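Now for the letters of each chain:
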Amino acid sequence: MSAAEHPLVAEGRRLVEQAAAAGLEVRLFGGIAIWLRASEPTREALGRDYPDIDLVAHQKGSRELRDLLEAEGYEPERTFNATHGARRLLFHSGEHGHQIDVFLDEFEMSHKLDLGKRLDAEPLTLPAAELLLAKLQVAEINRKDLTDAAMLLVDHEPGAAGGTAHLELPRLEEVCGTDWGLFTTFNDNLEALDGMRGELPLAADTSARLGERIEIVRGALDGAKKTMAWKMRAKVGRKVRWYETPEEVHR
Amino acid sequence: MANDTQTSQTSQPQLFTRNATGLVRELSAFDAFNLVFSAVLIPVGITQVMGFAPQFWPHANMLVAFAIATPLVACFGLVYLYFTALMPRSGGDYVWVSRTLHPALGFIVNFSLTFVFLTWVAFNFTFMLSIVLPALGYVAGISGKWINAPSNGEMMLISTLLTAAFAGLMILGVRSVARYMRITFVLTWIGMLIWLGLMLFSGHSDFINHWNSTSGATYNGVINQAHHLGFDAGGSIALGATLAAMVYCFQVYTGFQWTGYFAGEVKNARRTATTSIIGGLIAAAVVYMLAVALVYKYYGFKFFGATIFMGLGGGSEHWHLAFSPYLPSLVNFLPGGSGILGILIVGSFLLAILWWTPTGFMLGTRNLFAWSFDRLAPTRLTDVSDRFHTPVIATIVIALVIELLNYLNIYQGLGAFLLNIIAVMGLAFIVVSIAAALMPWTRPQMHRDAPGWATARVLGVPVITLVAGVSAVSWAFVIYTALHTGFGGEVGVGPMLKAFVAPIIAVVWYAGVTIYRRSQGIQLANTFKEIPPE
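Note that the structure is a prediction, hence the values are computed from the model and not measured. (Residues numbered from 1 in each chain as written. Chains lettered and ligands numbered in written order. Predicted model: local features only at pLDDT ≥ 70, side-chain atom pairs only at ≥ 80, totals over all residues. Heavy atoms only, no water.)

Asks: So what exactly am I meant to see when it comes to the overall build of chain A here?
Replies: Tallying secondary structure elements over chain A gives eleven helices and nine strands in all. Taken over the C-alpha trace, chain A has a radius of gyration of 18 Å; the compact-globule value for 251 residues is 18 Å, and the two agree within 12%. Principal-axis analysis of the C-alpha atoms gives chain A an extent of 50 × 40 × 30 Å. Within the span of chain A, comprising 251 residues, buried residues form 59% of the whole. Charged side chains of chain A number 32 positive and 44 negative; the gap between the two group centres comes to 6 Å. (Helix = DSSP H or I, 4+ residues; strand = E, 2+ residues; numbered from the N terminus. Rg over C-alpha atoms; globule rule 2.2 N^0.38 Å. Buried < 20%, exposed > 50% of the residue type's maximum accessible area, 1.4 Å probe, protein only. Lys, Arg positive; Asp, Glu negative; His and termini not counted. Charge placed at Lys NZ, Arg CZ, Asp CG, Glu CD.)

Here it is in structure tokens:
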């Protein structure tokens, strides 16, 4: 554990461990998960403030997870959970003022991702491929998301295999090869990230490495096998909007 | 704010800001429109307007009534649009009034409206079984007691089965509900458009020929007999009667403004509210006025009034035809109306009731959530089922309330108090309108975030205050008409007490819960300082 570990990173890790002890498959997701997977120099260069904890769990065990979070002192957002509880749960910490977002099997923002079947791939966080997909599927992307994506790519070698420090290209190819909209947004954001490289506080060799990896991922996606639905949608192109615009949950 | 992203000034390409993980809500703009448009329930509304109004005001011209009522109802719609844009929260007027006027008032208003709207579910089941189903049997040439005149037991059984089936649908979740409603919308409106088209492209003489050859009576015979019995729909339009008959327009329009109740689940609720509320009203106004005009054109104003008088009003003792002259039965006298086309059209009148019912359920459960959030109802109501991941307990509670209303309607004559119930609804809407009218002063900061049309001023008065004033006066007129004409229900202390049982229960409930929560050390007043999460 890093000495500079953000309190919410520690809390996120603790919650995953508590859930595992209770027999629940829960994984960290989002910025905190990326921070946990990053090397110390990358954390120092690109780490940021983390205002909330994102978790992914199975829909099937949502009751147990809700009980666990409540037992840990988190206050459920009851109306929100009643209306969106089939795919999303929201909790608040009175103590630290942070919020916990729980995604149940699926993740839906600008595009939809099926995360449930990748929950058991690694012990603490979702695999790097899912984390990158979640970051770069945002159609109206912000600097924070791009910085997180850079953080991930700097420390994960794209290749055939997944696991620590590896970015599983076949997974990206599979997901983007079936969904033209996701492919398009993902590629746009890779391009945006490449354009932003110079602004990131990275050493020259690290920045170059990031650039190479962006190219590797783009090349892999371009060469990936595409489904018939992908090709049909590609014919329509950008004339029809290909993404959703998520809203923030106001409290 | 719904427009939660904005351009960053510092980087290229275009970047946005977002504070937390976003949410894609379940209901699209069309789903939101479909919910409120289904609540307007035009097939039933037009049947009731054209079936009831001529009984009481033979000289009332419903086309004129709709034309006058529409801008007044639009003012009422703007009140709901204003609040939905400012506070798009599940529970709608409960949240708005409780946070701007007084918590107790918010609860009483919303509890009463929830009661009124849930009675509609029960009323419509009965309406479907006692009026539309016999019409379908008539047009299809099917006879049988259960279809022509179902007993109370049969109506209760079918209503119970429908209530259970819709509870089941709700338990499957809002996505399933939205899908179901899209399908039923299409099917219902295919039939309705054919109906309107047949009336549009056929002449009054076609009707006379069909009527004379298939009804068992003659066109002139009906008019003459009605006239002989004292009915006269001839002469000029009576403005007083037309204005009074607007009470039906207000009743049948209600529902178009409901977006606020579901706002927590609607994508970009602030923007969608405009398209669904204003779009819902415009669509409803166009269809209602077109339908009324076509009914008058095809059947004839004088004949239509006479046949309603003979079949449903004062002359009904002398009515010996095999059908009641509600619009669905009169489909039989359209070109092709006695065949498959007629069955399709009347089937769409019937399906419309099944189209709208989930909206009633959803309104009930979402209002329960809002009460539960404020601890006015047990927190268990928002529990999500382990199996279905939807709020099963709240759904079952609403189903049980509807089942009770089914019983009260079928066996205890709840429908007899319909107009007194409209008075309850009108009073609640007046309170909501007053809350909106006062917003520039009670919540000035929030009012500043309102849409431009609402914050604009005319002679120094905010537009929202003006339109809310018109809305309040319009509903006061509805109450006055309901209580001073007695055209649809008894007016008196007993009936009024029965009709006002909902607000009375709400007062007792609120007082009881306040005392109970205080005994738990919870000050409810503190709850209402906060606006629920979006």
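Asks: Sorry if this is basic, but what is going on with the packing of helix H4 (residues 93–100) of chain B against helix H5 (residues 103–140) of chain B here?
Replies: Residues and elements named next belong to chain B. The N-to-C vectors of H4 and H5 enclose an angle of 160°; their axes lie 6 Å apart at closest approach. The angle between H4 and H5 falls in the class roughly antiparallel. Note on packing geometry: the crossing formed by H4 with H5 is right-handed. Between H4 and H5, the contacting residues are Asp 93, Tyr 94, Val 97 and Ser 98 on the first element and Pro 103, Leu 105, Gly 106, Phe 107, Asn 110 and Leu 113 on the second. Residue composition of the contact of H4 with H5, by class: six nonpolar, three polar and one charged. (Axes fitted to C-alpha atoms, helices over the stretch in contact; angles between N-to-C directions. Parallel < 35°, antiparallel > 145°, perpendicular 65-115°, else oblique. Left-handed = near helix turned anticlockwise from the far one by under 90°. Contact = heavy atoms within 4.5 Å. Nonpolar A, V, L, I, M, F, W, Y, C, P; charged D, E, K, R; others polar.)

Asks: Just checking my understanding: could you explain the packing of aromatic side chains for this structure?
Replies: How two aromatic rings sit relative to each other is set out by the distance from centre to centre and by the angle between their planes. Throughout the structure, instances matching the rule amount to 67 aromatic pairs over all chains. Here B:Tyr80 and B:Trp96 contribute two aromatic rings whose centre-to-centre distance is 5.3 Å and whose plane-to-plane angle is 75°, an arrangement assigned as edge-to-face. Residue B:Tyr80 is located in helix H3 (residues 62–86), and its partner B:Trp96 is located in helix H4; the two are separated by 16 residues in the primary sequence. Sitting over the ring of A:Trp35, A:Arg43 keeps its end group 3.9 Å from the ring centre. Positioned above the aromatic ring of A:Tyr243 is the side chain of A:Arg241, whose terminal nitrogen or guanidinium carbon lies 5.2 Å from the ring centre. (Phe/Tyr/Trp six-rings, centres within 6.5 Å; stacked < 30°, edge-to-face > 60°. Lys NZ or Arg CZ within 6 Å of the ring centre and 35° of its normal.)

Asks: Would you take a moment to explain the side chain of A:His92 for this structure?
Replies: Residues and elements named next belong to chain A. Within the fold, His 92 resides in strand E4 (residues 88–93). The class for His 92 is buried, based on a relative accessible area of 8%. In this structure the side chain of His 92 is engaged in a polar contact, spanning 2.6 Å, whose partner is the side chain of Glu 77. (Polar contact = N/O pair within 3.5 Å; in protein donor to acceptor, adjacent residues only side chain to side chain.)

Asks: Explanation requested: the side chain of B:Ser471 in the structure shown.
Replies: By secondary structure assignment, the location of B:Ser471 is in helix H20 (residues 463–485). Looking at B:Ser471, the relative accessible area reads 0%, which means it is buried.

Asks: Sorry if this is basic, but what is going on with the sheet that holds strand E2 (residues 52–57) of chain A here?
Replies: Across a sheet, strands are paired by hydrogen bonds formed along the backbone, either parallel or antiparallel in direction. All names here are of chain A. Read from one edge to the other, the open sheet built from five strands follows the order E1-E2-E5-E4-E3, with strand pairing classed as mixed. Each end of this open sheet is capped by a strand with a single partner; those strands are strand E1 (26–29) and strand E3 (74–76). Going from strand to strand, the sheet's axes swing by 30° on average, the running direction of each strand aside. Of the pairings in the sheet, the one linking E3 to E4 comprises three bridges and is antiparallel in character. Residue pairing in the sheet places Tyr 74 in a bridge with Ser 93 of E4. Lying over the sheet, helix H4 (residues 62–71) contacts E1, E2, E3, E4 and strand E5 (99–104), oriented at roughly 5° with respect to E4. (Pairing = 2+ DSSP bridges.)

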